[in-house]
Structure formats: structure tokens, C-alpha cells
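One-letter residues, chain by chain:
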Amino acid sequence: MVMYNEGQDAADATAVTVAPETCDSHTTIGSTASKSERWYASGNERSHSAFNMNLPNNTIWNGYPLYPSDNFHFKIELMNMNHEAQIGYVTVTYDIVEGHPENFREIKPVWLDAALCTGTGSEITAPQQSGKFSVVAEPWVATFDGAILGIAGHVHDGGVGVRFEVDGQHVCDSVATYGSTSGSISPKPMMGGGATVHVSAMSTCIGPLLPVKELKKGQKWTLIADYDYDKHLGILEEDGKQSDIMGIALLFALRSDKRQAS
Ligand SMILES: [Cu+2]
């Protein structure tokens, strides 16, 4: 599931630098990368995007600033591993603070993607049918300054994790865990075979696990997604070939300026 906000000063930090008017991720929701940004996403890893720690006597909070002209869009892809029709529900709970209180810092999401605006909906044809490989994203040159709150990656089955380099220096790993929840183990593989134990969690890069704490204009961010089909089975298509993979991460930064919208 990917959630978008379409509004003023809500340009997608990465997609806008590549294809502001034609990025497929945004045109498929009827918008463009200069008018909308992806600010929540999760696969079956169900990562939590907690903007605030529940600390005692906390006086400074973080939030995504909303304005009357904003519009939310969702892109939802549901996968049923049971070979029988099922009814699914998507529930979203919003935690809203009225107005824009002074003690709230503003979050800006940054979508890092090994298939950014390539017309494939972030999907990549698996370059190999077995063994290890890495998919390296085009580097993103940061366009704004801000403190980094955290980063969480997303890979498909077969993925080991996502790692990041900032100006060539390795900064963190978001590592995949498999089969740790009941919702990540399927009774049978998909039609073509392959994995029955799926990605169940991704570790996040926060606090001491993230040595680079500041996003700075001009910094070069590179996402690298690592796969190893010998370690974790991928999901096979009906023709027996590995299904498409992804290498994505969502970074939340606290922007140093305020969003300009009404
Ligand atoms: Cu995916």
C-alpha cells in the first residue's frame, strides 16, 4: 500500500528530480511528482512509521502538516496466498492535531527507489534466477536540509535487505526477516511455486543504527537492494521464472523550513 498527499509544496523529493510530469507512480493516481508525495508505504513487512517516541515530559513533536487543499490518494495491492476468494479490508486510523502548533516539527518524506519513475511501478525484472545479486539505484542528490528521523526498506521475497551509501560511505542496513508472523507463512506456494515463507519484517535505521543524522543539500544518497535466492526463495511466476522484485526505502526527514500551502 502506498499513500500519497497531493497538494501545494508537496513535490515528491526524489521523483521530481527525475521526471516531474511523467513519473508513472504519480500519473497513475492522476497527479504528477511536482504535486504529490508518497508519505506512507508498506508491504507485508507492515513497518511502523512512528513519528513520535512516547517520552515522558516531551515538549517537541513531529507531524506531517496538512492543509485544506490537500488530497490523499492510495494505491493498494492485495495478495491472497490461499487460492480461495477472500474479502479484505484496509483500515486507516488518523491521529490529527488541530492547527499547526509551534512545538510541532514538519516531516518531509523521501522515497528512495531502485526503479524510480521507470514506468514499471517500482518493479524490476529479477536479473538472475538463482544466487546472489544487488540492484543499485541511481543516486539521489538531496534537495533540502533536515534532521533524519529514520529509514525503512522494502524488498520482495528473496531479498536480504536494503542498504544505503551517503557520499560513498555505508550508513545503514534495513534487513529482512522471514516467517516471523503467521501472516508471512502461506500453506502453499503461488501457482508457479517458490516461497511459502515470506518477508515478515524489515529492520529500521534509527538512532545509533543511523550514523548520518542530517540530510544536507547536495549529499548523494544511493540505495542498494541485496537479494540471495539461495538464502530465501523468491515467488515464482506461472512460467517458473522469478517474479518482479523491488528495492525501496522511505526516509522521513524533519525539514528545516515550513511547508508553503494553504
Ligand atoms: Cu513491493
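Preceding this paragraph is the structure being described.
Residues numbered from 1 in each chain as written. Predicted model: local features only at pLDDT ≥ 70, side-chain atom pairs only at ≥ 80, totals over all residues.

A closer look at the overall build of the chain
Secondary structure summary: the chain contains two helices and 15 strands in total. Against the compact-globule benchmark of 18 Å for 262 residues, the chain has a radius of gyration of 19 Å, which places it among compact chains. Along the three orthogonal principal directions, the C-alpha set of the chain runs to about 55 × 45 × 45 Å. Long-range pairs, those at least 24 residues apart, make up 77% of the contacts in the chain with a sequence separation of at least 6. (Helix = DSSP H or I, 4+ residues; strand = E, 2+ residues; numbered from the N terminus. Rg over C-alpha atoms; globule rule 2.2 N^0.38 Å. Contact = placed C-beta atoms within 7 Å.)

Some remarks on the environment of K258
Following the sequence through the fold, K258 ends up in the segment after strand 15 (247-255). Residues K258 and F104 lie 154 residues apart in sequence; the distance between their C-alpha atoms is 11 Å.

Here we look at the pairing of strand 2 (residues 36-41)
Of all six residues in strand 2, five are buried; the element is thus mostly enclosed. Pairing between strand 1 (residues 2-6) and strand 2: five bridges, direction antiparallel. Bridging across to strand 2, M3 finds its partner in Y40. (Buried ≥ 20, exposed ≤ 12 C-beta atoms within 10 Å, placed from the backbone. Pairing = 2+ DSSP bridges.)

Overview of the sheet that holds strand 4 (residues 71-75)
Pairing is antiparallel across the open sheet formed by three strands, whose spatial order is 2-1-4. On the outer flanks of this sheet lie strand 2 and strand 4, each paired with one strand and no other. Neighbour-to-neighbour, the strand axes of the sheet open up by a mean angle of 30°, direction not taken into account. Note that strand 1 and strand 4 share five bridges and pair antiparallel. When the sheet's bridge partners are listed, N5 is paired in strand 4 with F72. (Axes fitted to C-alpha atoms, helices over the stretch in contact; angles between N-to-C directions.)

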